[in-house]
Amino acid sequence: MRHKVRIGALAFCAIGLVTVGAHAQYVYTRGPNHVNMSGTRCRAAFSGAQDDLMHSVQRTSVRFDVSAPVFVVCPITRRATAYYGDSLSSSMATEVTATGMKAEVKDYNPGDSVRCTPFTQSIGGSIVWGTSRYACSTAGGCASAPAGSYITPVSDFNTISWSNPFTSQTSVEWGLACEMPASSIIGSYEATVSSN
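Residues numbered from 1 in each chain as written. Predicted model: local features only at pLDDT ≥ 70, side-chain atom pairs only at ≥ 80, totals over all residues. Heavy atoms only, no water.

## Some thoughts on the confidence of the model for the protein
For step 1, the next point in the chain: Model confidence for the protein is summarised by a mean pLDDT of 77, while 72% of its residues fall at 70 or above.
For step 2, the next point in the chain: Counted against residues more than four places away or in other chains, residues 3–28, with its pLDDT under 50, gives 10 contacts. (pLDDT = per-residue confidence, 0-100. Contact = heavy atoms within 4.5 Å.)

## Let's talk about the state of the cysteines
Here, disulfide denotes a covalent bond that connects the sulfur atoms of two cysteines.
For step 1, the next point in the chain: Taken as a whole and judged by the stated rule, the model has three disulfides.
For step 2, the next point in the chain: The disulfide partner of Cys 42 is Cys 74, and the gap between their sulfur atoms is 2.0 Å. Handedness here is read from the sign of the S-S torsion; for Cys 42 and Cys 74, about 115 degrees, the answer is right-handed. Taken as a pair, Cys 42 in the loop between strand 1 (33–37) and strand 2 (43–44) and Cys 74 in strand 5 (residues 70–77) lie far apart in primary sequence, 32 residues in all.
For step 3, the next point in the chain: Residue pairing for Cys 116: its cysteine sulfur links by disulfide to Cys 178, the two sulfurs lying 2.1 Å apart. Since a negative S-S torsion denotes a left-handed disulfide, the Cys 116-Cys 178 link at about 110 degrees is right-handed. One end of the pair, Cys 116, is in strand 7 (residues 115–121); the other, Cys 178, is in strand 12 (residues 173–180), with 62 residues separating them in the sequence.
For step 4, the next point in the chain: Taking the relative accessible area as the measure of exposure, Cys 116 reaches 0% and is therefore buried.
For step 5, the next point in the chain: With its bonded cysteines labelled in order along the sequence, the protein shows the pairing 1-2, 3-6, 4-5. (Disulfide = S-S within 2.5 Å. Helix = DSSP H or I, 4+ residues; strand = E, 2+ residues; numbered from the N terminus. Buried < 20%, exposed > 50% of the residue type's maximum accessible area, 1.4 Å probe, protein only.)

## What to know about the packing of aromatic side chains
Aromatic rings considered in pairs are described by the distance between their centres and by the relative angle of their planes.
For step 1, the next point in the chain: Within the structure shown, the criterion is met by one aromatic pair.
For step 2, the next point in the chain: Where Phe 119 meets Trp 129, the ring centres are 5.5 Å apart and the plane angle is 50 degrees; that geometry is what we call tilted. Taken together, the residues Phe 119 in strand 7 and Trp 129 in strand 8 (residues 127–129) connect sequence positions 10 residues apart.
For step 3, the next point in the chain: Its relative accessible area of 17% is what places Phe 119 among the buried residues.
For step 4, the next point in the chain: A cation sits over an aromatic face here: Lys 106 above Phe 157, 4.7 Å from the ring centre. (Phe/Tyr/Trp six-rings, centres within 6.5 Å; stacked < 30°, edge-to-face > 60°. Lys NZ or Arg CZ within 6 Å of the ring centre and 35° of its normal.)

## Remarks on the nonpolar core
Note that soluble globular proteins tend to have their nonpolar side chains buried in a common cluster.
For step 1, the next point in the chain: Formed by 33 residues in total, the largest nonpolar core has its most connected members in Val 70, Val 72, Ile 76, Met 101, Trp 174, Leu 176 and Tyr 189.
For step 2, the next point in the chain: Every element with two or more residues in this core is listed here: strand 1, strand 5, strand 6 (96–106), strand 10 (158–163), strand 12 and strand 13 (185–193).
For step 3, the next point in the chain: Considering each element in turn, this core owes the most residues, five residues, to strand 6.
For step 4, the next point in the chain: Not counting residues up to four positions away in its chain, the partners in contact with Leu 176 are Val 72, Val 73, Cys 74, Met 101, Lys 102, Ala 103, Thr 117, Pro 118, Phe 119, Trp 162 and Tyr 189. (Core = buried A, V, L, I, M, F, W, Y, C linked by side-chain atoms within 4.5 Å.)

## Considerations on the environment of Ser 56
For step 1, the next point in the chain: On the secondary structure map, Ser 56 appears in strand 3 (residues 53–56).
For step 2, the next point in the chain: With relative accessibility at 34%, the residue Ser 56 sits in the partly exposed group.
For step 3, the next point in the chain: Distance from Ser 56 to Thr 40, taken between C-alpha atoms, is 6.8 Å for residues 16 residues apart in sequence.

## Re the pattern of salt bridges
Should the charged atoms of two oppositely charged side chains come close, the side chains can pair.
For step 1, the next point in the chain: Evaluation of the coordinates by the stated rule reveals three salt bridges.
For step 2, the next point in the chain: Between Arg 63 and Asp 65 there is a salt bridge, with its nearest N and O atoms 3.0 Å apart.
For step 3, the next point in the chain: Judged by relative accessible area, Arg 63 falls into the partly exposed class, the value being 28%.
For step 4, the next point in the chain: For Asp 65, a relative accessible area of 45% puts it in the partly exposed group.
For step 5, the next point in the chain: Connected through salt bridges with shared partners, the residues Asp 52, Arg 63 and Asp 65 form a single ionic network. (Salt bridge = Lys/Arg side-chain N within 4 Å of Asp/Glu carboxyl O.)

## Some details on the environment of Val 114
For step 1, the next point in the chain: As for its placement among the helices and strands, Val 114 is situated in the loop between strand 6 and strand 7.
For step 2, the next point in the chain: You can call Val 114 buried: its relative accessible area is 0%.
For step 3, the next point in the chain: Remark: the alpha-carbon pair of Val 114 and Asn 158, spanning 44 residues in sequence, is separated by 10.0 Å.
For step 4, the next point in the chain: Ignoring any residue separated from it by four or fewer positions in sequence, one finds Val 114 in contact with Val 105, Lys 106, Asp 107, Arg 133, Tyr 134, Ala 135, Ile 160, Glu 179, Met 180, Pro 181 and Ser 184.

Written out as structure tokens, the structure reads:
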């Protein structure tokens, strides 16, 4: 008799663990959710320029002796093909809307400015581009390149940010394409996505 009770108790515990695990995978439905990436994920857009980059803890920097800006692509991957949504509702979806994006950059080049442009892929497969923004003394960045020789203070990162960068375009992943002059750095970057 005791043996049967123990087996029943073990079966009940196993079901409880599966149920808890099933609910745990949907914690992302309580948004907004922030998909934060390390700057070390950025790569040169053209393979020949990869040697112009230096990857270190949490950031990618452009070598000081580079004569032309390096174009980098920084992917923001949202949980692969997992669903956003509540397992008890019909609102689950793989595609969600990026309601904001931002990048932390440093610009030490007196003759050029860091410029980043958000991008995503539409359901049909075409690339959708957001608006370019430049590193400048204004929080969030500037719509045009700053005049003169703006240089980031040594102890600071500049934030370049976008609100609703794709006008409600849903997707499973996003990214930033940045033009990085010599001696510039890209640190963390992220997308803020809406809950279902």
